[in-house]
2 protein chains.
Amino acid sequence: MISIEQYLEENKERILNELFGLIRIPSISSISLHKPDMYRAAEYWKELMLKAGADKAEVFETAGNPVAYGEKIIDPSKPTVLIYGHMDVMPVEPLNLWKTPPFEPEIRDGKIFARGADDDKGQSFMHAKAFEYMVQNNCLPCNVKFMIEGEEEIGSPNLGKWCEENKEMLKADVILVSDTGMIAPDVPSITTGLRGLAYWQVEVTGPNRDLHSGIFGGAVANPINVLAKLIARMTDDEGRITIPGFYDDVAEVSATERELLGRAPFNVDNYKDALDIEELDGESGYSTNERTGIRPTFDVCGIWGGYMGEGAKTIIPSKAFAKISSRLVPNQNHEKIADLFKAHFESVAPKSVKVEVTSLHGGQAYVCPIDLPAYKAAEKAYIDTFGKQPVPVRSGGSIPIISTFEQVLGIKSVLMGFGLESDAIHSPNENYPLEQFFNGIKTIPKFYRYFAELS
Amino acid sequence: MISIEQYLEENKERILNELFGLIRIPSISSISLHKPDMYRAAEYWKELMLKAGADKAEVFETAGNPVAYGEKIIDPSKPTVLIYGHMDVMPVEPLNLWKTPPFEPEIRDGKIFARGADDDKGQSFMHAKAFEYMVQNNCLPCNVKFMIEGEEEIGSPNLGKWCEENKEMLKADVILVSDTGMIAPDVPSITTGLRGLAYWQVEVTGPNRDLHSGIFGGAVANPINVLAKLIARMTDDEGRITIPGFYDDVAEVSATERELLGRAPFNVDNYKDALDIEELDGESGYSTNERTGIRPTFDVCGIWGGYMGEGAKTIIPSKAFAKISSRLVPNQNHEKIADLFKAHFESVAPKSVKVEVTSLHGGQAYVCPIDLPAYKAAEKAYIDTFGKQPVPVRSGGSIPIISTFEQVLGIKSVLMGFGLESDAIHSPNENYPLEQFFNGIKTIPKFYRYFAELS
């Protein structure tokens, strides 16, 4: 048996060429013109899995883009790892900011530059190659299933249903996902939490038309003034949200985990400088990483109403609008929160206006317990590769499909991401350092080994 | 000597034709294409004044549109009335809503339909004809001066300077203006106050770019949330403005005048129905007419920031903006108020954002004391024509040039308006009822007579 390091050394050129073949397919899921490319990418994945050693592989239809599925069952009594990844990518605009064309991968400064180099073609491809190594070298200790979808960048609208329909086929002990990042090349970390989301649009209606602010000003409620007051009272001076019941289900994080989370390196001056702000602001009693990781938020994402042009126009507008969202934390149900906000916001509005709250969007939070065997296995694998215990990180963002997996399939996910912040995912000149790419492939077989031992 | 009634009867057709000639000139001041029309209108006024009996008349240049000036000095020891009016009109869009072309006056249902029929060609023209009657019939009891400008609808940017430069020529005991309205044909009223105005734009800057609300939400001040809080705290639960010093100079209105103002007919249900609102809202302790007439306001005229498109975008925006205005009341200095707001708003902003307040516009309030001889003369003139004591009305709107006259020339204005709300000024199908037009011409000579007696 050759080591993974030696295997990668010997196959480096072929592996990169295979990845580049995948990257060259412009599988942009939000642009329907690229629908055929989604099928090309799915077929590419099917071939990848079969060539790596899968027993079978298939392209499944959904109401939207296809799902590439493959599996190798070595022994039904052994634990099963289900790999999740996505073959679709974000749009590439603005094109003029790319140094090289987004779908022509190029290696510069030790990094692969291309759309999807990291997110998620590069990261999901690592699993194909780790799998190939283990099969070719007879060291695969678990059953493996691959589920590579084509709609992650548009919110996975059809994958939940597909999982429902293929529940039996997808049975597994853990879902392994590489679609997140780590703090730095020398600071390994594993994302253990994702926040949920509730998102509303509010509409405040005052008079039935824009009014002359001279003739009516002072006597008629101004919907912008009212909206400002309503927004203002949704949070208090301590940065806490005042919607009754909002915190009822918030999972408190143990002192141990807060201590571990606190180990993530954080330089407040660098953070402020990068954003060009003088002071941070947030809920009293929590650190910056806690505020973004384990606490819910109340943010107005957009607001508009009245006159927005040049100069002065003296009106009381008829309407004012806002888009408002809350990031949610584990145990908060996004539908319950959506209802709580709507009921509260509408009930505290004065009778001088009409207020309508519409829920636009929502998703559950996700948390991976750090005492889960699969988490422990991941932790050990990172230690082997990077020489350091990975920091558990609660990401402030949301990947709603991860909590859908838990609800539909009843399986926890472990988010073994190897991306870096500098990878510029979703932006021009997306890239993925070769070192992270190969370190990822090296870490994955270690996870399998530890997971088989610990399960 | 023939009566004014008989004079109007005998000259009705000619008078209307002369007015129509003025109306047919499309003197839209905001469209530079119509600059030649401003000169045509000014020449038309010069001829009107000379034919009516002015000693002299002249078209004066300004940095913008011309001013038509004329005068008749019958005896320097007698009181002098300075007529102010404007020959420019508002744009006519949307053209498709006009029943007849805006610059082709037509009489329908006893009303003249045309742009400028009321505002202010129709109303200022009444003064030319009242003057003509008094000259032709040897009953002019005062010296008369006319100052007809061409930039009222764009904020009179050059008239203040022109007044400065022609202070001596413009010397008078009162300025008489017909550019406002009365409550109803059977409810005569005189506008005794105009509110002033301060207008700002505020810009709140948070992070140097729009941020992912998941990754940063909770830790970084959101400029929209902050702007909402700042706006909210500028007024209290009693509808009072909380800017320190804001009310310091507010002229309190005497109980007598409040009692008189309270006589203006007001039906709260009709008012609410017309605006389709369930409840009125404003400063505690004041009636609706007082809230719009004698009290200052704080209205957000426009607000914007972040994502305003369809659906959900989860960002913390970099910036948020608002356009804010206060209507001011007599004795409040708009420049002082502009500074007070800027200082207060900027000082209470949290350090987590940058706040910039820019003053866009301002004007002083104006008040005409109801014991002024000129006001008394106007009151008596209305009683003669309409059979009822006119109600003094504090208009919530602003005509900044009126307070400029007081500052530059030291002369009070009396606002003898004969327009009706149904005249649709600034809107399609502007009109002026013939009855109001002729009643106006009848009332004006009575004003001169009483003014000469009371001065």
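Residues numbered from 1 in each chain as written. Chains lettered and ligands numbered in written order. Predicted model: local features only at pLDDT ≥ 70, side-chain atom pairs only at ≥ 80, totals over all residues.

Draft legend 1. Spatial organisation of the overall build of chain A. From N to C terminus, chain A includes 13 helices and 18 strands. On the principal axes, the C-alpha backbone points of chain A span a range of 85 × 50 × 45 Å. Expressed as a percentage of its 455 residues, the buried residues of chain A come to 54%. Long-range pairs, those at least 24 residues apart, make up 78% of the contacts in chain A with a sequence separation of at least 6. (Helix = DSSP H or I, 4+ residues; strand = E, 2+ residues; numbered from the N terminus. Buried ≥ 20, exposed ≤ 12 C-beta atoms within 10 Å, placed from the backbone. Contact = placed C-beta atoms within 7 Å.)

Draft legend 2. Summary view of the interface of chain B and chain A. Of the residues lining the interface, 65 residues belong to chain B; the matching set on chain A comes to 65 residues. Secondary-structure elements contributing two or more residues to the side of chain B that touches chain A are strand S9 (196-205), helix H5 (213-216), helix H6 (223-232), helix H9 (288-293), strand S11 (299-306), strand S12 (315-316), strand S13 (319-328) and strand S14 (354-363) of chain B. The greatest single-element share of the side of chain B that touches chain A, amounting to 8 residues, is contributed by S11 of chain B. Split by residue class, the side of chain B that touches chain A holds 27 nonpolar, 24 polar and 14 charged. Bridge analysis of strand S11 (residues 299-306) of chain A against S11 of chain B gives 5 bridges, and the strand direction is antiparallel. Considered in S11 of chain B, the bridge of Ile-303 of chain A is made with Gly-305 of chain B. (Nonpolar A, V, L, I, M, F, W, Y, C, P; charged D, E, K, R; others polar. Pairing = 2+ DSSP bridges.)

Draft legend 3. Structural context of the sheet that holds S14 of chain B. Taking strand neighbours across the sheet as the criterion, the 8 strands line up as S14(A)-S9(A)-S13(A)-S11(A)-S11(B)-S13(B)-S9(B)-S14(B) in an open arrangement whose pairing is antiparallel. Strands with a single pairing partner mark the edges of an open sheet, and in this sheet they are strand S14 (354-363) of chain A together with S14 of chain B. Averaged over all pairs of adjacent strands, the angle between strand axes in this sheet comes to 15 degrees, irrespective of strand direction. Two elements, S11 of chain A and strand S13 (residues 319-328) of chain A, share 6 bridges in a ladder whose sense is antiparallel. (Axes fitted to C-alpha atoms, helices over the stretch in contact; angles between N-to-C directions.)

Draft legend 4. Region of the structure containing the packing of helix H3 (residues 121-136) of chain B against helix H13 (residues 434-454) of chain B. Residue and element names in this part refer to chain B. Relative to each other, H3 and H13 sit at 50 degrees, their axes nearing to 8 Å. Considering the angle they form, H3 stands oblique to H13. Seen along the crossing, H3 lies across H13 with a hand that is right-handed. For the pair formed by H3 and H13, the contact residues are Gly-122, Gln-123, Met-126, His-127, Lys-129, Ala-130, Tyr-133 and Met-134 on the first element and Phe-437, Gly-440, Ile-441, Ile-444, Pro-445 and Tyr-448 on the second. Of the residues contributing to the contact of H3 with H13, the split by class is 9 nonpolar, 4 polar and 1 charged. (Parallel < 35°, antiparallel > 145°, perpendicular 65-115°, else oblique. Left-handed = near helix turned anticlockwise from the far one by under 90°.)

Draft legend 5. Fine view of the relation of the copies chain B and chain A. After a rotation of 179 degrees and a shift along the axis of 0.0 Å, chain B superposes on chain A with an RMSD of 0.2 Å. Both copies of the chain, as the preceding transformation shows, are related through a two-fold rotation axis. Interface residue correspondence from chain B to chain A reaches 100%, placing this contact among same-surface, isologous pairings. (Least-squares fit on C-alpha atoms with pLDDT ≥ 70 in both.)

Draft legend 6. How the structure looks around helix H6 (residues 223-232) of chain A. Among the 10 residues that make up H6 of chain A, 8 are buried, leaving the element largely enclosed by the rest of the structure. All of the buried residues in H6 of chain A are Pro-223, Ile-224, Asn-225, Val-226, Leu-227, Ala-228, Leu-230 and Ile-231 of chain A.

Draft legend 7. Main features of the pairing of strand S7 (residues 174-177) of chain A. Residue and element names in this part refer to chain A. Alternating positions in S7 separate into two faces, Val-174 and Leu-176 on one and Ile-175 and Val-177 on the other, with burial throughout. Bridge count between strand S3 (residues 80-86) and S7: 4 bridges; the pairing is parallel. Bridged to Leu-82 within S7 is Ile-175. Inspection of the sheet shows S7 paired to strand S17 (residues 413-415) by 3 bridges, in the parallel sense.

Draft legend 8. Structural context of the sheet that holds strand S4 (residues 106-108) of chain A. Residues and elements named next belong to chain A. In space, the 3 strands of this open sheet follow the order S4-S5-S18, with antiparallel pairing throughout. If you trace the sheet from one side to the other, it starts and ends with S4 and strand S18 (431-433), each paired once. Across the sheet, the axes of successive neighbouring strands diverge by a mean angle of 30 degrees, strand direction being ignored. Pairing geometry for S4 and strand S5 (residues 111-113), over 3 bridges, is antiparallel. Considered in S5, the bridge of Ile-107 is made with Ile-112. Along the sheet, helix H13 (residues 434-454) makes contact with S5 and S18, crossing S18 at roughly 65 degrees.

Draft legend 9. Fine view of the domain arrangement of chain A. All names here are of chain A. On domain assignment, one finds that chain A holds domain 1 (4-194 + 365-454) and domain 2 (196-250 + 296-363). Averaged C-alpha coordinates put domain 1 and domain 2 at centres separated by 39 Å. Residue-level contacts link 7 residues of domain 1 with 8 residues of domain 2. Of the residues in the side of domain 1 that touches domain 2, the class split is 3 nonpolar, 4 polar and no charged. (Domains from an automatic or database assignment.)

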